[in-house]
Amino acid sequence: MNNNNSPKKNGFFHLPEIMRIYPDKPVPFRTQLAVMCTMLIISCLLFTVVFFQQKIVHGDSGAAVQISTADERSAAARSEENSTASVAPSEPSQKEKQESKQESKQESKQESKEEKVIETEASESAGELLGNMKTLDMDVAAIHAGELILVNKDYSCRYDGENVEPMGNYKTDSYLVLDYDVALAPDVTKAFNNMMDDFESQFGENDVMVACGYRSYDMQVRLFKNEQDNSDEAEQWVAPPGYSEHQTGFVLDLDLNKLEKGNGIDFDGSGDYGWLNNNCQDYGFIVRYIAGKEDITGYNEEPWHFRYVGLPHSRFITEKGITLEEYIDMLHGFTADKPLVITDSDGSRYCIYYTAVNDWNTTEVEVPADRKYTISGDNYSGFIVTAKIDE
Ligand SMILES: [Zn+2]
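Since this is a predicted model, take the numbers as computed values, not measurements.

S.K.: Residue-level account of the overall build of the protein chain, with values.
M.R.: Within the protein chain one finds 11 helices and 14 strands. The buried share of the protein chain, reckoned over its 391 residues, is 26%. Partitioning the contacts of the protein chain with sequence separation of at least 6, the portion at a separation of at least 24 is 63%.

What follows is the structure, encoded as C-alpha cells:
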C-alpha cells in the first residue's frame, strides 16, 4: 500500500485535525486505520451495553418492570398466565375471546367497587383509634341483648316484649299501623319514622302499613301451629316459637293499606315502594331475607320483612350483599387489637370489634372511656362494640 504524503490523498478517511499528534505532518494510513478500527470496536461495545440495559428496563426482568396503565397490567398478567400454563393453548380466537370476556368482567367489577360508599381496612388497635379505653365487666346473659343479635333457626330470642312499646306512641303520619298492638323498640320506630317521612315527601304516598312488629312467644306458638296445619313447608315461612326474629322488637313487616284485603301481604317492594327496599340501609334497616341466600337464612325471600341493625352495619351488610349471619361471622375476625374500620359514605369512620365470652359469669370488654359507643351481644358467643372514630 502506498503511503502518500498528502493527508487528502492517502485513503478513504482522514483524521480530524484535533486527533493528529503533529498537525503539520500527515498521519500514516495504517495508524488511521488502526484508530478507526478501535473506535468501531468501542462503538460496538457501547451499543451492546446500552441495548442490554434497555432490555432489562422494559421487559424481561420482573423486578425492574414498571407498569403503569391497566392495559399493560392485563397484558403482563396474560403473559404470566401463558408462561405458567401447563396445557397446550387452545384455538387462539377462542382464547382471545375468553380473555377479553375476563378483562371486561374485571373492569366492571372494578367499576362497581369504586361505586361502593363503604370501605374496610385493617388498621391500628381500638385504643390507638379511640383514645383512652376502659374495661366493662359484661354478664354472659347480655350476649342475648342489643341491636346486632342474631335470631334464626339456630339461635332463639330471649327478649319477649320487655324492650318494646306501641308504635302509636311515637309514630309520625307518613304511614299506618295495623292496630294499637303493633309494637317495636322505640329507637326502631324513630328510625322508621325518618324513612317513611322521606318516602312520603318524595312520592306523596302514605298508604304503607306496618302489619306486624314485635310478636310474642305465645303468638308465635299459635301462628306456627296454624301454618303447620295448612302447609308442608311451614318452616320455610314461619319460625318455630322462640326462634322468630319478630320477637326481638327490631323487626317489622310492611303491607299496603288496600280496601280489599286478601290473605297474606301485598307489599312486594315493587314500583315506588321499591325505594324502601333500596334505601332502608341509610336508616339502619336491612332487608333480612334475600333471594339466593335461603340456605344461609333458612327462609325464602321476603321483601316486606325489615330488620333494624343500626348504622353503619346496615349500609355495610347491604353494600356487600351479605346476610346478618355472614356479617356477624365476619365480625368475629376483628378484635380490639385489630378492629374493623368502616368508612361511611359521609366520611365518618367507625371502629368495630368483637370480644368472645371468656367466662361463664362475666367477660371483660374494652370500650372507649371518653366517647360514645354501642355494645351489642351477637346472641350466641360474644359482644360487638361499635364506636365512631372522628367526632
Ligand atoms: Zn316478618
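S.K.: Outline the environment of I384, supporting the account with residue identities and numerical values.
M.R.: You can see I384 is positioned in strand β14 (residues 382-388). Note on I384: 26 C-beta atoms within 10 Å, which makes it buried. Placed 19 residues apart in sequence, I384 and V365 show a C-alpha to C-alpha distance of 9.2 Å. Setting aside its immediate chain neighbours within four residues, I384 contacts L148, L331, I352, Y354, S376 and D378.

S.K.: Please give an account of the sheet that holds strand β6 (residues 208-212) that cites residues and values.
M.R.: Spatially, β4-β6-β7-β9-β8 is the arrangement adopted by the five strands of the open sheet, whose pairing is mixed. What marks the edges here is a single partner per strand, and that holds for β4 (176-177) and β8 (285-289). Inspection of the sheet shows β6 paired to strand β7 (residues 251-256) by four bridges, in the antiparallel sense. Residue pairing in the sheet places V208 in a bridge with L256 of β7.

S.K.: Tell me about the confidence of the model for the protein chain, and please be specific about residues and values.
M.R.: Model confidence for the protein chain is summarised by a mean pLDDT of 79, while 69% of its residues fall at 70 or above. Predicted confidence is poor over residues 54-115, with pLDDT under 50, and the contacts of this stretch with residues over four places away or in other chains come to 11 contacts.

S.K.: Could you give an account of unusual backbone geometry, naming the residues involved and the relevant values?
M.R.: Residue P312 follows L311 across a cis peptide bond; omega there is 0°. Relative to the helices and strands, P312 resides in the loop between β9 (302-308) and α10 (313-320). Positive phi values are uncommon outside glycine, yet N379 reaches one of about 85°. Counting through the fold element by element, N379 comes out in the loop between β13 (373-377) and β14. The exposure class assigned to N379 is buried, which follows from the 22 C-beta atoms found within 10 Å.

S.K.: Lay out helix α11 (residues 324-331) with the relevant residues and their values.
M.R.: Looking at α11, one finds that the buried residues are L324, Y327, I328 and L331. In a view along the axis of α11, the buried residues occupy a sector of 95°, so they form one face of it. Check the buried side of α11 and you find it contacts β8, β9, α10, β10 (340-343), β11 (349-356) and β14.

S.K.: Could you give an account of the nonpolar core, with specific residues and numbers?
M.R.: In this structure, L184, M195, V210, L252, C280, I352 and V385 are the most contacted members of the largest nonpolar core, which totals 64 residues. Tallying contributions element by element places helix α5 (residues 186-203) first for this core, with six residues. Each of domain 2 (113-148 + 310-391) and domain 3 (156-308) contributes no fewer than three residues to this core. Setting aside residues no more than four positions away along its own chain, V210 makes contact with M167, Y175, V177, L178, V182, L252 and L254.

S.K.: So what's going on with the pairing of β14? Which residues, and what values?
M.R.: Counting buried positions along β14 yields six of seven residues, so the element is predominantly enclosed. Of the strand pairs in this sheet, β11 and β14 are connected by seven bridges, and their pairing is antiparallel. Its bridge partner lying in β14, C351 is registered against A387. Here β13 runs beside β14; their pairing, made up of five bridges, is antiparallel. Paired with I375 across the two strands is V385, which belongs to β14.

S.K.: How would you explain the environment of Y159 if you had to name every residue and give the values?
M.R.: Locating Y159 in the fold gives a position in the loop between β2 (133-139) and β3 (165-166). A C-alpha to C-alpha distance of 10.0 Å links Y159 and G146, two positions 13 residues apart in sequence. Y159 has contacts with Q247, T248 and G249, leaving out every residue within four places of it along the chain.

S.K.: Describe the environment of V151, listing the residues and the values that go with them.
M.R.: Structurally, V151 is set in the loop between β2 and β3. Dropping the residues within four chain positions of it, V151 is found in contact with S156, C157, Y243, E245, T248 and N379.

Thresholds applied
Residues numbered from 1 in each chain as written. Predicted model: local features only at pLDDT ≥ 70, side-chain atom pairs only at ≥ 80, totals over all residues. Helix = DSSP H or I, 4+ residues; strand = E, 2+ residues; numbered from the N terminus. Buried ≥ 20, exposed ≤ 12 C-beta atoms within 10 Å, placed from the backbone. Contact = placed C-beta atoms within 7 Å. Pairing = 2+ DSSP bridges. pLDDT = per-residue confidence, 0-100. Arc of directions from axis to C-beta. Core = buried A, V, L, I, M, F, W, Y, C linked by C-beta atoms within 7 Å. Domains from an automatic or database assignment.

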